[in-house]
Structures are given as structure tokens and as C-alpha cells.
Amino acid sequence: GAVRFGPDLLSLDDLDESQILALLDFAGRLKAGRQVASLQGKVLGLVFLKASTRTRVSFSVAMYQLGGQVIDLSPNTTQVGRGEPVRDTARVLSRYVDGLAIRTFAQAELEEYARYADIPVINALTDYEHPCQVLADLLTIEEHLGTFAALKLAYIGDGNNVAHSLLLGCVKVGLSVAIAAPDGYTPERAVVERARAIAARTGATVEILADPAQAVRGAHVLYTDVWTSMGQEEEARRRRALFAPYQIDDRLLRLAHPKAIVLHCLPAHRGEEITEQVIEGPHARIWDQAENRLHAQKAVLAALL
Ligand code: CP
Ligand code: NVA
């Protein structure tokens, strides 16, 4: 049956090791058609303050395929855009819908929604974390490599929201993580320390490095994300120069394990964080990874709603 956790999914740290593994198993069974779930009559509200292709569409399709519905509650269509407080909005929406998927800037705003809502709140990306992405990433890794133990994921680039959720998610399932980022762009110290504490229990390791070659050496999974995240657009030029040595290209890929897979949460910027050859090459599992957003989020929705 469905996995139990909750009441919210604000951070990957809201799930313990066994809950992550159970969710991945559930998602895999839903994907294979070996398990059914129903959210008939349930409505998920989508509160998106940033653009989205994958997250918005996969949450919507997940709800429809489970027999539920979604409603667009983006701030420009509600009174939030005219200044109605989050704490009021959260309490009112709780009387109508069965859950909220929220994409915003500050993790604190997401937490405020969760504090005042008495329905499940799901992090659909904040500046701090992207937990639903990483559940799909772990599902993809498990499908293609069969295991997590004794494997290493190398994340090359900005120590951003995706890097934070990867750090937490990977070490929980026993997958070691090496992050290569320029000085000043490494992941937040609190997340690294938390990941190290979990890793000490699961047997994984956490390395924060400056040299991409060192991070990638022998890695089984190579992962990257945009150099300039949503909300940082005015820094794009400076970031492009600073991150230039942090591109996943064929030369870097050759340092990895010969059967390494390459992941990217998308959207990708060819010629920046990844080359055209790698994204279109035989190691990439990026389209399976994007598909798995749907299956992983169905498992999350069935568990929470
Ligand atoms: N990877 C991801 O979250 O994509 P979107 O921004 O398109 O939702
Ligand atoms: N780090 C990126 C991820 C997009 C899915 C951003 O926040 O824009």
C-alpha cells in the first residue's frame, strides 16, 4: 500500500531513509502498473511564483491520472498578488483544497504556508531545496544502476537548491556525494553538516571540492544544473565567467566510471553547464529522469493526500 509520511514535504529531510526507499519502491510499482492509487475527488492547488515546465505539468498530470484535479492558485490570479497575507491565504485555501504544491523563493515563505495550512504542503522548489526533483533523480539512478550502495554521485556547478536536496537525499540512501563548486558557491554549511551527520550513519561520504576532475573521478552519476537559478538573472554574466571550468563535457565524462550516467534536472543551457555532445550522448538519462518526476510525485501525492 501507500507509504506514510507527512504532514508536509518541505525538505528532503522530512523523509527518513526507509520512507525514501519505500516511496521509490511505490513510484516504481506505479510506473510499472503493478500498483494503483486513487485520489478521486481530491484537488491539489498549485501556487507557482516562478516559471515551470516539468513540475507544473507532472503534478497536474499525476493528479489527473490518479482521478483528482488541480487548480491554479498563482499569486497573480489570487489576492496574494494584492497583498493578502500568506497566513490568511493558507487557512482559507485549506478549507477548499486537499493539498498545495508551492514554488516560491524563500523557504521561510513555504514554511509559513505549512504552519497555517492544515492540509499537506509540498515544496515544488524554493531557493533552498527541490525535494521532488531529487526523489525522481534517485528513482532514475536506481533504475539504471540497480543500487545506491558503494556508488558515487558527482555534482558539478552551483551549490544551489538542487545541490542541497541531492546532498540530503543521496546520503540517506547510502549514495556518496562529491560536489565541485567555485569558492563562494558551495552548498550552505548547515546542509553539508546535516548531510555529513546522516552519511556517518549510512556509510556514505560527502566531499565539497573546488576541482571538478577530482569530484568526477570514478563517479557513477554525473549531475549538473544551471549556473544561474531563477531569481538570480542579474548575476548571469558574472556566473558564466566564474563557472566556465565547471562544464560537463566529454573530457570530464572520460574521468568518470566507464558506465557512468549523466543527469540534469532541466532546463539545460547547452554550452554552459553541459555540452550538446553530452546531453545528446549515450551516457545521458535525462529524459527518463524528467519522466520520473511524474511517477515519483504520484507516490508523494498518494502518500500525503
Ligand atoms: N526540473 C524542474 O523542476 O523543471 P521545471 O522548472 O520546468 O519545473
Ligand atoms: N536551480 C534551478 C532549478 C530549476 C529546476 C533554479 O532554481 O532555477
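Residue numbers here run from 1 along each chain, matching the order of that chain's written sequence. Chain A is the first chain written and ligand 1 is the first ligand written, with later ones labelled in order. Local features in this predicted model are restricted to residues whose pLDDT is 70 or higher, and side-chain atom pairs enter the listing and the counts only when it is 80 or higher, whereas totals over whole chains, interfaces and linings include all residues.

A. Just the overall build of the protein, in detail. Scanning the protein from N- to C-terminus turns up 12 helices and nine strands. A globule of 305 residues ought to have a C-alpha radius of gyration of about 19 Å, and the protein, at 19 Å, matches this closely. Counts of 20 or more other C-beta atoms within 10 Å of a residue's own C-beta define buried residues, counts of 12 or fewer define exposed ones, and intermediate counts define partly exposed ones; C-beta atoms are placed from the backbone. Here the protein holds 305 residues, and the buried ones make up 50% of them. Considering only contacts within the protein whose residues lie at least 6 apart along the sequence, 74% involve residues at least 24 apart. Numbering of helices and strands starts at the N terminus; helices are DSSP runs of H or I of at least 4 residues and strands are runs of E of at least 2. The quantity called the radius of gyration is restricted to C-alpha atoms. Its globule counterpart is 2.2 Å times the number of residues to the power 0.38. What counts as a contact here is a pair of residues whose C-beta atoms, placed from the backbone, lie within 7 Å.

B. Geometry of the site of ligand 2. Near ligand 2 you find Leu125, Asn160, Asn161, Val162, Asp225, Val226, Ser229, Met230 and Cys265, and these make up its full shell. Asp, Glu, Lys and Arg are counted as charged, while Ala, Val, Leu, Ile, Met, Phe, Trp, Tyr, Cys and Pro are counted as nonpolar; the rest, among them Gly, fall into the polar class. Looking at the shell around ligand 2 residue by residue, the class counts come to five nonpolar, three polar and one charged. In this analysis, residues qualify as near a molecule or strand once their C-beta atom, positioned from backbone atoms, comes within 6 Å of it.

C. Layout of the site of ligand 1. Near ligand 1 the following residues occur: Ser52, Thr53, Arg54, Thr55, Leu125, Gln133, Cys265 and Leu266. Of the residues belonging to the shell around ligand 1, the class tally is three nonpolar, four polar and one charged. Boundaries between domains were set according to an automatic or database domain assignment. When residues of the shell around ligand 1 are assigned to domains, at least three map to each of domain 1 (12–129 + 293–304) and domain 2 (133–290).

D. Main features of the sheet that holds strand β4 (residues 121–123). Spatially, the four strands line up as an open sheet ordered β2-β1-β3-β4, and their pairing is parallel. Each edge of the sheet is formed by a strand with only one pairing partner; in this case those strands are β2 (69–72) and β4. Recorded for the sheet is a direction-independent mean angle of 25° between the axes of neighbouring strands. At least two DSSP bridges between two strands are required for those strands to pair. Interaxial angle, 0 to 180 degrees, is taken between N-to-C directions of lines fitted to C-alpha atoms, where a helix line uses only the stretch in contact.

E. Just the domain arrangement of the protein, in detail. Examined at the domain level, the protein breaks down into domain 1 (12–129 + 293–304) and domain 2 (133–290). On a C-alpha basis, the centroid separation for the pair domain 1 and domain 2 is 25 Å. Of the residues lining the interface, 22 residues belong to domain 1; the matching set on domain 2 comes to 19 residues. Contributions of two or more residues to the side of domain 1 that touches domain 2 are made by α1 (17–32) and α12 (286–304). The residue makeup of the side of domain 1 that touches domain 2, split by class, is 12 nonpolar, three polar and seven charged.

F. How the structure looks around α12. Take the number of residues in a helix, subtract one, and multiply by 1.5 Å to get its expected span. With 19 residues, α12 should reach 27 Å at 1.5 Å per residue; the first-to-last C-alpha distance of 27 Å fits that figure. Remark: the principal bend of α12, roughly 30°, maps to Asn292. The buried fraction of α12 amounts to 16 of the 19 residues, a majority that puts the element mostly inside the structure. The bend at a residue is defined as the angle formed between two axes, one fitted to the seven residues ending at that residue and one fitted to the seven starting there.

G. Structural detail: the nonpolar core. Think of a nonpolar core as buried Ala, Val, Leu, Ile, Met, Phe, Trp, Tyr and Cys residues, each tied to the set through C-beta atoms within 7 Å. Counting 103 residues, the largest nonpolar core has Leu23, Leu100, Ala154, Leu167, Val177, Leu222 and Val300 as the members making the most contacts within it. Considering every element that reaches this core, the biggest residue donor is α12, with 10 residues. Apart from residues lying up to four places away in sequence, Leu167 is in contact with Val177, Pro187, Val191, Val192, Ala195 and Val206.

H. Region of interest: the sheet that holds strand β9 (residues 261–264). A sheet is described by the order of its strands in space; here five strands give the open sequence β7-β6-β5-β8-β9, paired in parallel fashion. One side of each edge strand has no neighbouring strand; the edge strands of this open sheet are β7 (206–209) and β9. Pairwise comparison of adjacent strand axes, ignoring direction, gives a mean angle of 20° for this sheet. Sitting on the sheet, helix α6 (residues 161–172) touches β5 (152–156), β6 (176–180), β7 and β8 (221–224), and the angle it makes with β6 is about 160°.

I. Representation of the UniProt feature "binding site: L-ornithine" (unreviewed entry) in the protein in the model. UniProt positions are given in the numbering used here, feature names are shortened, and annotations may be inferred rather than shown by experiment. UniProt tags Asn161, Asp225, Ser229 and Met230 as "binding site: L-ornithine" (unreviewed entry). Despite a sequence span of 70 residues, these residues sit close together in the fold, their greatest C-alpha distance being 11.7 Å. By the element assignment, Asn161 lies in helix α6. Here Asn161 falls in the buried class, since 24 other C-beta atoms lie within 10 Å of it. The contacts of Asn161, once residues within four sequence positions are left out, are Leu125, Thr126, Asp127, Tyr128, Glu129, His130 and Ser229.

J. Just the pairing of β7, in detail. Alignment of β6 against β7, held across four bridges, turns out to be parallel. Paired with Ala180 across the two strands is Leu209, which belongs to β7. Where the polypeptide runs from β6 across helix α7 (residues 189–202) and back to β7, its parallel neighbour, the crossover connection is right-handed. Handedness of a crossover is defined as follows: with both strands directed away from the viewer, a clockwise route from the first strand across the helix to the second makes it right-handed.

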